[in-house]
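Topology and contacts: notes
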Amino acid sequence: MRTICRCSLLICCILLFTRPLPVHAIPAITCHCFTNRSFDVAHPTAADAYFLAMTQNSFFAVVFNVDKKLIVLKKQQGTSSDDLWVAYWVASKSAASPESLLNSRLARDSWTNVIVPMQLPPKMLGVRFYYYLTSNLPSERLSQVVVDELLIKCKLLNESDVTVLRKDGATNQEIIIAAVIAAKMNQHAMQLFREVKSGTKSWGSLLSAAKIDAKNIQHEISTLF
(Lines give C-alpha, C1' and ligand atoms only; values in the text may rest on other atoms or scores of the structure.)
Protein backbone atom coordinates (compact mmCIF):
# COMPACT_ATOMS: atom_id res chain seq x y z
CA MET A 1 0.00 0.00 0.00
CA ARG A 2 1.48 3.26 -1.00
CA THR A 3 1.70 6.07 1.47
CA ILE A 4 1.81 9.63 0.25
CA CYS A 5 2.51 12.51 2.57
CA ARG A 6 0.25 15.50 2.75
CA CYS A 7 1.54 18.59 1.01
CA SER A 8 1.85 21.77 2.99
CA LEU A 9 -1.33 23.81 2.64
CA LEU A 10 0.68 27.00 2.46
CA ILE A 11 2.84 25.74 -0.41
CA CYS A 12 -0.17 24.53 -2.32
CA CYS A 13 -1.86 27.91 -1.96
CA ILE A 14 1.24 29.73 -3.16
CA LEU A 15 1.55 27.48 -6.20
CA LEU A 16 -2.11 27.84 -6.98
CA PHE A 17 -2.33 31.62 -6.85
CA THR A 18 1.08 32.83 -8.07
CA ARG A 19 0.27 31.87 -11.70
CA PRO A 20 -3.01 33.43 -12.81
CA LEU A 21 -4.85 31.08 -15.14
CA PRO A 22 -8.25 31.04 -16.82
CA VAL A 23 -10.79 29.58 -14.37
CA HIS A 24 -11.52 26.59 -16.64
CA ALA A 25 -7.80 25.88 -17.04
CA ILE A 26 -6.61 25.92 -13.41
CA PRO A 27 -4.95 22.53 -12.85
CA ALA A 28 -5.30 20.51 -9.68
CA ILE A 29 -2.29 20.68 -7.38
CA THR A 30 -0.83 17.22 -6.87
CA CYS A 31 1.60 16.02 -4.24
CA HIS A 32 4.56 13.81 -5.13
CA CYS A 33 5.92 13.50 -1.58
CA PHE A 34 6.43 9.77 -1.09
CA THR A 35 7.29 8.59 2.42
CA ASN A 36 8.20 5.03 1.34
CA ARG A 37 11.22 5.19 -0.94
CA SER A 38 13.02 1.91 -0.42
CA PHE A 39 12.16 -1.74 -0.83
CA ASP A 40 11.09 -3.54 2.33
CA VAL A 41 10.83 -7.33 2.16
CA ALA A 42 8.21 -7.24 4.92
CA HIS A 43 6.09 -4.79 2.93
CA PRO A 44 7.07 -5.49 -0.70
CA THR A 45 4.58 -3.13 -2.37
CA ALA A 46 4.89 -0.23 0.07
CA ALA A 47 7.22 1.82 -2.14
CA ASP A 48 5.86 0.75 -5.53
CA ALA A 49 4.10 4.07 -6.13
CA TYR A 50 7.41 5.85 -5.63
CA PHE A 51 9.30 3.43 -7.89
CA LEU A 52 6.72 3.86 -10.66
CA ALA A 53 6.81 7.65 -10.49
CA MET A 54 10.59 7.86 -10.16
CA THR A 55 11.20 5.52 -13.09
CA GLN A 56 8.83 7.41 -15.35
CA ASN A 57 10.35 10.78 -14.40
CA SER A 58 13.87 9.44 -14.89
CA PHE A 59 13.06 7.97 -18.30
CA PHE A 60 11.45 11.28 -19.28
CA ALA A 61 14.53 13.21 -18.16
CA VAL A 62 16.85 10.96 -20.15
CA VAL A 63 14.93 10.84 -23.44
CA PHE A 64 14.23 14.57 -23.51
CA ASN A 65 17.49 15.65 -21.87
CA VAL A 66 15.71 17.73 -19.24
CA ASP A 67 16.27 18.22 -15.50
CA LYS A 68 14.10 15.73 -13.63
CA LYS A 69 13.50 18.31 -10.88
CA LEU A 70 11.76 20.55 -13.41
CA ILE A 71 9.40 17.74 -14.40
CA VAL A 72 8.57 16.95 -10.78
CA LEU A 73 7.93 20.64 -10.09
CA LYS A 74 5.58 20.95 -13.04
CA LYS A 75 3.62 17.95 -11.81
CA GLN A 76 3.44 19.42 -8.32
CA GLN A 77 2.05 22.59 -9.87
CA GLY A 78 -0.70 20.58 -11.55
CA THR A 79 0.57 19.74 -15.03
CA SER A 80 -0.40 16.17 -15.86
CA SER A 81 2.12 13.57 -16.93
CA ASP A 82 0.10 13.05 -20.11
CA ASP A 83 0.37 16.72 -21.11
CA LEU A 84 4.09 16.75 -20.37
CA TRP A 85 4.71 13.76 -22.64
CA VAL A 86 2.75 15.38 -25.46
CA ALA A 87 4.29 18.84 -25.07
CA TYR A 88 7.89 17.62 -24.99
CA TRP A 89 7.28 15.21 -27.87
CA VAL A 90 5.88 17.91 -30.12
CA ALA A 91 8.58 20.37 -29.03
CA SER A 92 11.25 17.82 -29.99
CA LYS A 93 9.73 17.66 -33.47
CA SER A 94 9.20 21.38 -34.02
CA ALA A 95 10.47 24.87 -33.27
CA ALA A 96 8.00 25.31 -30.41
CA SER A 97 9.10 25.12 -26.79
CA PRO A 98 7.44 22.77 -24.29
CA GLU A 99 6.43 25.74 -22.16
CA SER A 100 4.70 27.55 -25.02
CA LEU A 101 2.83 24.39 -25.93
CA LEU A 102 1.72 23.80 -22.35
CA ASN A 103 0.54 27.40 -22.09
CA SER A 104 -1.39 27.03 -25.34
CA ARG A 105 -2.97 23.85 -24.03
CA LEU A 106 -4.25 25.72 -20.96
CA ALA A 107 -6.07 28.14 -23.24
CA ARG A 108 -7.63 25.47 -25.45
CA ASP A 109 -9.87 22.49 -24.87
CA SER A 110 -7.68 19.87 -26.55
CA TRP A 111 -4.24 19.15 -27.96
CA THR A 112 -5.88 18.87 -31.36
CA ASN A 113 -6.65 22.59 -31.31
CA VAL A 114 -3.09 23.36 -30.23
CA ILE A 115 -1.07 21.19 -32.58
CA VAL A 116 -3.09 20.85 -35.80
CA PRO A 117 -2.92 24.61 -36.55
CA MET A 118 0.90 24.30 -36.43
CA GLN A 119 0.63 22.35 -39.71
CA LEU A 120 3.41 19.92 -38.86
CA PRO A 121 3.81 17.00 -41.29
CA PRO A 122 2.26 13.74 -40.02
CA LYS A 123 5.57 11.89 -40.52
CA MET A 124 7.32 14.45 -38.34
CA LEU A 125 4.98 13.83 -35.42
CA GLY A 126 4.59 10.13 -36.11
CA VAL A 127 1.78 8.68 -38.18
CA ARG A 128 0.04 7.01 -35.24
CA PHE A 129 0.35 10.11 -33.06
CA TYR A 130 -1.03 12.27 -35.86
CA TYR A 131 -3.95 9.89 -36.41
CA TYR A 132 -4.87 9.99 -32.71
CA LEU A 133 -4.40 13.76 -32.69
CA THR A 134 -6.73 14.39 -35.64
CA SER A 135 -9.21 11.94 -34.13
CA ASN A 136 -9.34 14.32 -31.15
CA LEU A 137 -8.44 11.60 -28.67
CA PRO A 138 -7.62 12.62 -25.07
CA SER A 139 -4.16 13.42 -23.74
CA GLU A 140 -3.88 10.00 -22.13
CA ARG A 141 -4.05 8.22 -25.49
CA LEU A 142 -1.61 10.66 -27.10
CA SER A 143 0.88 10.22 -24.27
CA GLN A 144 0.69 6.45 -24.63
CA VAL A 145 1.72 6.75 -28.27
CA VAL A 146 4.64 8.97 -27.29
CA VAL A 147 5.86 6.57 -24.60
CA ASP A 148 5.48 3.57 -26.92
CA GLU A 149 7.41 5.29 -29.71
CA LEU A 150 10.21 6.27 -27.33
CA LEU A 151 10.53 2.78 -25.83
CA ILE A 152 10.74 1.29 -29.32
CA LYS A 153 13.17 3.95 -30.52
CA CYS A 154 15.41 3.32 -27.50
CA LYS A 155 15.18 -0.43 -28.23
CA LEU A 156 13.87 -1.23 -24.78
CA LEU A 157 10.79 -2.87 -26.31
CA ASN A 158 9.70 -3.93 -29.76
CA GLU A 159 6.32 -3.24 -31.33
CA SER A 160 4.85 -6.62 -30.42
CA ASP A 161 5.92 -6.18 -26.78
CA VAL A 162 4.23 -2.79 -26.66
CA THR A 163 1.05 -4.08 -28.26
CA VAL A 164 0.69 -6.96 -25.79
CA LEU A 165 1.50 -4.83 -22.74
CA ARG A 166 -1.01 -2.16 -23.71
CA LYS A 167 -3.64 -4.81 -24.46
CA ASP A 168 -3.10 -6.16 -20.94
CA GLY A 169 -3.72 -2.68 -19.52
CA ALA A 170 -0.19 -1.45 -18.78
CA THR A 171 -0.08 2.25 -17.94
CA ASN A 172 2.75 4.55 -18.99
CA GLN A 173 4.43 4.09 -15.61
CA GLU A 174 4.06 0.33 -15.72
CA ILE A 175 5.26 -0.16 -19.28
CA ILE A 176 8.33 1.99 -18.62
CA ILE A 177 9.38 0.26 -15.40
CA ALA A 178 8.71 -3.18 -16.92
CA ALA A 179 10.86 -2.27 -19.94
CA VAL A 180 13.72 -0.97 -17.79
CA ILE A 181 13.80 -3.99 -15.48
CA ALA A 182 13.44 -6.43 -18.38
CA ALA A 183 16.35 -4.81 -20.22
CA LYS A 184 18.51 -4.94 -17.09
CA MET A 185 17.65 -8.59 -16.35
CA ASN A 186 17.46 -9.75 -19.96
CA GLN A 187 13.91 -10.97 -19.43
CA HIS A 188 10.54 -10.36 -21.09
CA ALA A 189 8.72 -7.24 -19.94
CA MET A 190 5.36 -8.95 -20.37
CA GLN A 191 6.33 -11.70 -17.94
CA LEU A 192 7.45 -9.18 -15.31
CA PHE A 193 4.28 -7.12 -15.74
CA ARG A 194 2.07 -10.17 -15.28
CA GLU A 195 3.98 -11.27 -12.19
CA VAL A 196 3.31 -7.91 -10.58
CA LYS A 197 -0.34 -7.79 -11.63
CA SER A 198 -0.90 -11.33 -10.30
CA GLY A 199 0.58 -10.31 -6.95
CA THR A 200 3.47 -12.77 -7.00
CA LYS A 201 6.03 -9.97 -7.32
CA SER A 202 6.19 -6.24 -6.68
CA TRP A 203 8.00 -3.57 -8.65
CA GLY A 204 10.24 -3.09 -5.62
CA SER A 205 11.17 -6.75 -5.47
CA LEU A 206 11.93 -6.80 -9.20
CA LEU A 207 14.11 -3.69 -8.95
CA SER A 208 15.94 -5.32 -6.05
CA ALA A 209 16.43 -8.54 -8.02
CA ALA A 210 17.75 -6.53 -10.95
CA LYS A 211 20.13 -4.70 -8.58
CA ILE A 212 18.72 -1.35 -9.65
CA ASP A 213 19.11 1.34 -6.99
CA ALA A 214 16.10 3.67 -7.14
CA LYS A 215 18.31 6.60 -6.10
CA ASN A 216 20.42 6.11 -9.23
CA ILE A 217 17.71 4.93 -11.58
CA GLN A 218 18.23 7.79 -14.03
CA HIS A 219 21.83 6.71 -14.52
CA GLU A 220 20.73 3.09 -14.81
CA ILE A 221 18.30 4.04 -17.57
CA SER A 222 20.87 6.11 -19.43
CA THR A 223 23.18 3.09 -19.66
CA LEU A 224 20.52 0.91 -21.31
CA PHE A 225 20.55 2.72 -24.67
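Counting restarts for each chain: residues are numbered from 1 in the order of the written sequence. Thresholds applied to this predicted model are a pLDDT of at least 70 for local features of residues and 80 or more for the giving and counting of side-chain atom pairs; totals over whole chains, interfaces and linings are not thresholded and use all residues. Excluded from the side-chain calculations are hydrogens and water; all other atoms, namely the structure's heavy atoms, are used.

1. Observations regarding the confidence of the model for the protein
Quick reminder of the rule: Note on scores: pLDDT gives the predictor's confidence for each residue, bounded by 0 and 100. Here, two residues are considered to be in contact whenever any of their heavy atoms come within 4.5 Å of each other.
Considering every residue of the protein, the mean pLDDT works out to 88; 85% of them sit at 70 or more. In this model, residues 1-30 is a region of pLDDT below 50 whose contacts with residues beyond four sequence positions or in other chains number 44 contacts.

2. Comments concerning the packing of helix α2 (residues 48-64) against helix α3 (residues 68-76)
Selection criterion: Angular values range over 0 to 180 degrees, each being the angle between N-to-C directions of two axes fitted as lines to C-alpha atoms, with helices fitted over their stretch in contact. Every helix listed is a DSSP run of H or I at least four residues long, and every strand listed is a run of E at least two residues long, numbered separately from the N terminus. Roughly parallel means an angle under 35 degrees; roughly antiparallel, over 145; roughly perpendicular, 65 to 115; everything else is oblique. Take the far helix as the reference: if the near one is turned anticlockwise from it by less than a right angle, the crossing is left-handed, and if turned clockwise, right-handed.
Axis separation between α2 and α3 bottoms out at 9 Å; the angle between their running directions is 125°. Here α3 runs oblique to α2, going by the angle between their axes. You can see that α2 and α3 cross each other, and the crossing is right-handed. Here M54, Q56, N57, S58, F60 and A61 of α2 lie close against α3, whose contacting residues are K68, I71, V72 and K75.

3. Examining the environment of F59
Summarising the element assignment, F59 is placed in helix α2. With 161 residues separating them in the primary sequence, F59 and E220 have C-alpha atoms 9.7 Å apart. Contact partners of F59, with chain neighbours within four places excluded, come to W85, L150, L151, L156, I176, I221 and F225.

4. Here's the deal with unusual backbone geometry
Look at N65: it is not a glycine, yet its phi comes out positive at around 55°. Along the chain, N65 falls in the loop between α2 and α3. With a phi angle near 55°, Q119 is a residue other than glycine that sits in the positive phi range. Inspection of the secondary structure puts Q119 in the loop between α6 (112-115) and α7 (122-125).

5. A word on the nonpolar core
Threshold: For the purposes of this section, nonpolar cores are sets of buried Ala, Val, Leu, Ile, Met, Phe, Trp, Tyr and Cys residues that join through side-chain atoms within 4.5 Å. Exposure classes here rest on a 1.4 Å probe applied to the protein chains alone. A residue is buried below 20% of its type maximum, exposed above 50%, and partly exposed in between.
Counting residues in hydrophobic clusters, the biggest one holds 64 residues, and the most contacted among them are W111 and F129. The biggest single contributor to this core is α2, with nine residues. Setting aside residues no more than four positions away along its own chain, W111 makes contact with D83, V86, A87, L101, L102, R105, V116, L133, S139 and L142.

6. Considerations on helix α4 (residues 81-92)
Residue pairs three or four apart in sequence face the same way in an α-helix, which turns once every 3.6 residues. Stated precisely, the cut-off is as follows: Multiply 1.5 Å by the residue count of a helix minus one, and that product is the helix's expected span.
End to end, α4 covers 16 Å across 12 residues, agreeing with the expected 16 Å (1.5 Å per residue, within 8%). Burial analysis of α4 places nine of its 12 residues in the buried class, the great majority of the element. Of all the positions in α4, only D83, L84, W85, V86, A87, Y88, W89, V90 and A91 are classed as buried.

7. Observations regarding the packing of aromatic side chains
Any pair of aromatic rings gets described here by the distance separating the centres and the angle formed by the planes. Inclusion rule: For Phe, Tyr and Trp, where Trp contributes only its six-membered ring, two rings pair if their centres lie within 6.5 Å, and the inter-plane angle classes them as stacked under 30 degrees, edge-to-face over 60, or tilted in between. Only Lys NZ and Arg CZ are tested; either one counts as a charge over a ring when it is within 6 Å of the ring centre and within 35 degrees of the ring normal.
All chains considered together, the criterion is met by 10 aromatic pairs. Relative to W85, the ring of F64 lies with its centre 6.1 Å away and its plane at 55°, an arrangement referred to as tilted. Note that F64 is positioned in helix α2 and W85 in helix α4, a separation of 21 residues in sequence. W85 carries the same exposure label as F64, and that label is buried. Measuring from centroid to centroid gives 5.7 Å for F64 and Y88, while their planes differ by 50°, and the two rings are tilted. With F64 in helix α2 and Y88 in helix α4, this residue pair connects regions lying 24 residues apart in the sequence. The two residues F64 and Y88 agree in class, both being buried. Seen from the ring of W89, K93 lies directly overhead, with NZ or CZ sitting 4.4 Å from the centre.

8. Brief notes about the packing of α4 against helix α5 (residues 98-107)
Any two packed helices are characterised by how steeply their axes cross, that is the angle between the axes, and by the distance between the axes. For clarity, the threshold we go by: Residue polarity follows a fixed list, in which Ala, Val, Leu, Ile, Met, Phe, Trp, Tyr, Cys and Pro are nonpolar, Asp, Glu, Lys and Arg are charged, and the others, Gly among them, are polar.
Here α4 crosses α5 at 130°, and the two axes come no closer than 8 Å. The angle between α4 and α5 places the two elements in the oblique class. α5 is crossed by α4, and the crossing has right-handed handedness. For the pair formed by α4 and α5, the contact residues are D83, L84, A87, Y88, V90 and A91 on the first element and P98, L101, L102 and R105 on the second. Grouping the amino acids of the contact of α4 with α5 by side-chain chemistry returns eight nonpolar, no polar and two charged.

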